[in-house]
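# Breakdown of the fold
Here's the letter readout for the chains.
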Amino acid sequence: MNTSTLVIITIVILISLLTWLVSIWQYDPMMSSMMTFYHNPAALSLFVGIWTAGMAAMMFPAIVPMILVFNRLINTNNSISNSLGNSATNSKMTYHTNRNDRNFDSSTNDGIGHHIEKGGDKSNIIHKLRNTLQSKSPDIILFVSAYLAIWALTGIVLLVGWSFLFDTLLLQLGLNDGQQQQQQLLSVNTIYGIVLIVAGVYQFSSLKTRCLGYCESPLSFFMRRWQKGRAGALKMGMFHGLYCLGCCWPYFLLMVALGWMNVLWMGLFAAIIFAEKVWTRGGLWIARITGIGFIALGVLSATALVSLPSNSMNSGDDEMMGMTMDMPSSSTDNMTMSMDMPSSLSP
């Protein structure tokens, strides 16, 4: 394992650990931002930041092979460019050295050769470090940034779509009595069941197989989408984000349904995604076994045999509305008692 590979793996692991901590510590601010994002751009920005950190926590371990292959391809491309660009310079240096060799004896030539060799080692180390910082780092940063941008946009779409769905559901059903609350619970379980069944069926689709193939085979991806330069790195990062979205969107839709940025679901789905992408010979089987589990759980939820946990985004609103709905009845009872007391005291 060379130095650049070790550095990349270390940085990716550290970023992943840091973003896991952010996801855990910033759960409450994220929930608050989701309640007010309609009329508060700062809340939407906060949500996007925490959501993107969560995506980095879950996805970075799985994209390490992709980044390492990209790093090697950059090395190969730079080596070819350097060898072509320096061929004329090397020829001039060889001719100059041959002319100088006539003026020195063999012992002097040995000393000079040893000095040049030592100086060459130092210059090679400096050149490699400079090449890593100046040539490779910006390309890798652009690649990863474009990849995360796709997931940031996905989070906004999920937030708006899921909020609209539940706001519409609550508006239609209301929360006036126990019967309507029970109907709401049945409707929520039905939605969860449909989401689970759709996610499970998608695990067997050809689009899932194609996207997973590009995600678990970085060389195949770069053979199809390779483009040189900084713009090429940006475009390839976007394409990889789209392929990854096509492969993993059911997991994140379920994570949203079962609880936004819940650490338990994040850890479970992150483990499934990692196994799918890293285990090249068994990734598709993992996806299909997971799909069977989703379909079975979806059927149980849709038929009300299993009640899944309610969405954390709406649980706070439900409790607050329940409290406000109970207060008038208690205050009404108190008023009735106060009205009855004078009549009982009258002669």
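This is a predicted model, so every value here is computed, not measured.

What counts as what
- Residues numbered from 1 in each chain as written.
- Predicted model: local features only at pLDDT ≥ 70, side-chain atom pairs only at ≥ 80, totals over all residues.
- Heavy atoms only, no water.
- Helix = DSSP H or I, 4+ residues; strand = E, 2+ residues; numbered from the N terminus.
- Buried < 20%, exposed > 50% of the residue type's maximum accessible area, 1.4 Å probe, protein only.
- Contact = heavy atoms within 4.5 Å.
- Polar contact = N/O pair within 3.5 Å; in protein donor to acceptor, adjacent residues only side chain to side chain.
- Expected span 1.5 Å × (residues − 1).
- Arc of directions from axis to C-beta.
- Phe/Tyr/Trp six-rings, centres within 6.5 Å; stacked < 30°, edge-to-face > 60°.
- Core = buried A, V, L, I, M, F, W, Y, C linked by side-chain atoms within 4.5 Å.

With that settled, consider the environment of lysine 208. Relative to the assigned elements, lysine 208 resides in helix α8 (residues 206–216). Among the residues examined, lysine 208 registers a relative accessible area of 0% and is labelled buried. Setting aside residues no more than four positions away along its own chain, lysine 208 makes contact with Tyr202, Gln203, Cys247, Tyr251, Glu276 and Ala287. A polar contact is formed between the side chain of lysine 208 and the side chain of glutamate 276, at a distance of 3.1 Å.

Another aspect to go through is helix α11 (residues 263–278). Given a rise of 1.5 Å per residue, 16 residues ought to cover 22 Å, and the 22 Å separating the end C-alpha atoms of α11 matches this to within 8%. Those residues of α11 that fall on the buried side of the exposure criterion are Met266, Phe269, Ala270, Ile272, Ile273, Glu276 and Lys277. Along the long axis of α11, the arc covered by the buried residues comes to 165 degrees, so they all point the same way.

This paragraph deals with the packing of aromatic side chains. Counted by the stated rule, this structure contains 16 aromatic pairs. Between tyrosine 202 and tryptophan 249, the ring centres sit 4.8 Å apart and the planes meet at 55 degrees, which makes this aromatic pair tilted. Of this pair, tyrosine 202 sits in helix α7 (residues 178–202) while tryptophan 249 sits in helix α10 (residues 229–258); the two residues are 47 residues apart in sequence, bridging distant segments of the chain. Looking at tyrosine 202, the relative accessible area reads 11%, which means it is buried. Taking the relative accessible area as the measure of exposure, tryptophan 249 reaches 27% and is therefore partly exposed.

The next thing to look at is the nonpolar core. The biggest cluster of nonpolar side chains holds 68 residues, and the ones touching the most others in it are Trp51, Met58, Phe252 and Trp260. If one sorts the elements of this core by residue count, α10 sits on top with 13 residues. For methionine 58, the residues in contact, after removing those within four places along its chain, are Trp20, Phe252, Met255, Met266, Phe269 and Ala270.

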